[in-house]
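# A closer look at the structure
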Amino acid sequence: MNIRFDKLGVVIAAIAAYAAFLAPFATFRANRIVPGQARSILEALPATAGPLLLAIVVVAALVALFRTALVLRLAASVVALAALALLVGVAGTFLTPAGNTFARVSPASGFWILIFVFTLLLADVLTRLNLSPWARVGVLAAVAAAIGLLLVSGAWNDLSILKEYANRADSFWAEGSKHVTLALGSLLAAVVVGLPLGILCHRVERLRAGVLNVLNIIQTIPSIALFGLLIAPLGWIAAHVPGAAALGIRGIGTAPAFVALFLYSLLPVVANTVVGLAGVPRAANDAARGMGMTDRQRLFGVEFPLAFPVILTGIRIVLVQNIGLATIAALIGGGGFGVFVFQGVGQTAMDLVLLGAVPTVALAFAAAIILDAVIEMTATKRRVETA
């Protein structure tokens, strides 16, 4: 009998075995800041749920270990992830003493490792299935709907991260709005400035090297340092330029965070515009000239549409980058999910850190999937049109 192992599956099975049998599944704390007590799967769940989860993990790991059918691997990863998502909420209810409002139950390293390995298995299956862009967006929507249903149902209400959210619900959405506004606003400003600058750099070769070198230098400045460097000039503008303070320009707050994110965003937009325009086939330009098209008509009717997928790739890079960097804006009063991250660090409350970190990661992940799908659809459309 020829037994064949899957290379990735061997890694997944080994890590899953460690996470399920050796790593803690949940952490119990008497209150939000005291050291926690680790609980294994069997200790964190009721008598029937613990063995059931272990059985699901073992079966899913075995399916990953061997070269099984893609449909079976897909089912194993989905069932394992669904069981983990449901039962971690059960662990929160099971470990929290009745009527105790101070106790905190958090997912521990074993839970997060299991989520990681079975998400990796699911991602591998979806990659092998070669889903269409719309199908990938559909999978993202289904996952978002499932998570939303769990949140609305109250299945996770006894977990500490949801208790932190319940205490800060109003500020959570306010800071979330600031986070998204910073990320999208700086991206929009970078596109408005970066696209014409990229076109100019493509057309004027002597200008290209100087502009890209300056933007490269800005990109190497650490984010906290750049935020700090902007405090003095923006503070001076607020104090000496009439009307600047009324517009919200000041040394700390949203203004320096917005400017810093804008500066970081310029390089990917400008560089990808230059690369995209440089990659337009000469034959397409020659045909356009032969038809009597002017430089402006060639730019907007031929060059820019063909370069658009590459330009959109730069925009994708900027959006994902800005969603992450906007977290640092909280250090200078810019708001965003970083407020909870740094409050949690200061209070040694890791669940408060997660309250800021988890939505940031989720936003970046969703933005990457959606824009990847748009880029692929755009590139396919251009190939069909030029065929």
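For the structure, see preceding data.
About the thresholds
Residues numbered from 1 in each chain as written. Predicted model: local features only at pLDDT ≥ 70, side-chain atom pairs only at ≥ 80, totals over all residues. Heavy atoms only, no water. Helix = DSSP H or I, 4+ residues; strand = E, 2+ residues; numbered from the N terminus. Contact = heavy atoms within 4.5 Å. Phe/Tyr/Trp six-rings, centres within 6.5 Å; stacked < 30°, edge-to-face > 60°. Buried < 20%, exposed > 50% of the residue type's maximum accessible area, 1.4 Å probe, protein only. Core = buried A, V, L, I, M, F, W, Y, C linked by side-chain atoms within 4.5 Å. Expected span 1.5 Å × (residues − 1). Bend = angle between axes of the 7 residues up to and from the residue. Pairing = 2+ DSSP bridges. Axes fitted to C-alpha atoms, helices over the stretch in contact; angles between N-to-C directions. Salt bridge = Lys/Arg side-chain N within 4 Å of Asp/Glu carboxyl O. Arc of directions from axis to C-beta.

This paragraph deals with the environment of A364. As for its placement among the helices and strands, A364 is situated in helix α15 (residues 350–386). Once the C-alpha coordinates of A364 and F94 are considered, the two residues, 270 residues apart in sequence, prove to be 33 Å apart. Every residue in contact with A364, bar those within four places of it in the chain, is listed here: V320 and I323.

Overall, the coordinates contain seven aromatic pairs when judged by the stated rule. With centroids separated by 5.3 Å and ring planes inclined at 85°, the aromatic side chains of Y165 and F172 adopt a geometry described as edge-to-face. We classify F172 as buried; its relative accessible area is 10%. With centroids separated by 5.3 Å and ring planes inclined at 90°, the aromatic side chains of F172 and W173 adopt a geometry described as edge-to-face. Connected via pairs of aromatic rings, a cluster forms that spans Y165, F172, W173, F337 and F340.

Time to look at the nonpolar core. Formed by 44 residues in total, the largest nonpolar core has its most connected members in F25, I41, L45, L53, L114 and F118. Mapped by element, the contributors of at least two residues to this core are α1 (7–21), β1 (26–29), α2 (41–44), α3 (49–65), α4 (70–95) and α5 (109–129). Setting aside anything within four residues of it in sequence, one finds F118 in contact with A16, V57, A60, A61, S77, A80, L81 and L84.

With that settled, consider helix α13 (residues 295–325). The periodicity of an α-helix, 3.6 residues per turn, causes residues three or four positions apart to be oriented the same way. Between its terminal C-alpha atoms α13 stretches only 38 Å, short of the 45 Å expected from 31 residues at 1.5 Å a residue. Along α13, the sharpest change in direction is near 50° and occurs at F308; proline P309 comes one to four residues later.

Another aspect to go through is the sheet that holds β1. Strand order in the open sheet made by the three strands is β2-β1-β3, with antiparallel pairing throughout. Each end of this open sheet is capped by a strand with a single partner; those strands are β2 (37–39) and β3 (104–107). Direction aside, neighbouring strands of the sheet carry axes that sit 25° apart on average. Pairing geometry for β1 and β3, over four bridges, is antiparallel. Note that in β3 the partner of T27 across the bridge is S106. Sheet strands touched by α4: β1, β2 and β3. Its angle to β3, the strand with the most contacts, is close to 155°.

A full pass over the atoms with the stated rule returns nine salt bridges. The salt bridge partner of R128 is D124, with a shortest N-O separation of 3.1 Å. Taken together, the positions of R128 and D124, both in helix α5 and four residues apart, correspond to about one turn of that helix. The partly exposed category is assigned to R128, whose relative accessible area is 41%. The class of D124 is buried, set by a relative accessible area of 17%. Residue R316 pairs with D372 through a salt bridge whose shortest N-O separation is 2.6 Å. Taken together, the residues span a long stretch of sequence, with R316 in helix α13 and D372 in helix α15 at a distance of 56 residues. Judged by relative accessible area, R316 falls into the partly exposed class, the value being 22%.

Looking now at the environment of G290. Turning to its location among the elements, G290 is positioned in helix α12 (residues 282–290). Distance in space between the C-alpha atoms of G290 and M350 is 65 Å, their sequence separation being 60 residues.

Right, let's get into the side chain of R298. On the secondary structure map, R298 appears in helix α13. Residue R298 is classed as buried on the basis of its relative accessible area, which comes to 8%.

Here helix α9 (residues 205–220) is 16 residues long and its end C-alpha atoms lie 23 Å apart, about the 22 Å a rise of 1.5 Å per residue gives. For α9, every residue scored as buried is listed here: V211, L212, L215 and I218. For α9, the buried positions fall inside an angular range of 115° around the axis, keeping them on one side. Opposite its buried face, α9 presents the exposed residues R206, I217 and T220, each directed more than 90 degrees away. Looking at the buried side of α9, the elements it contacts are α8 (169–203) and α11 (254–278).

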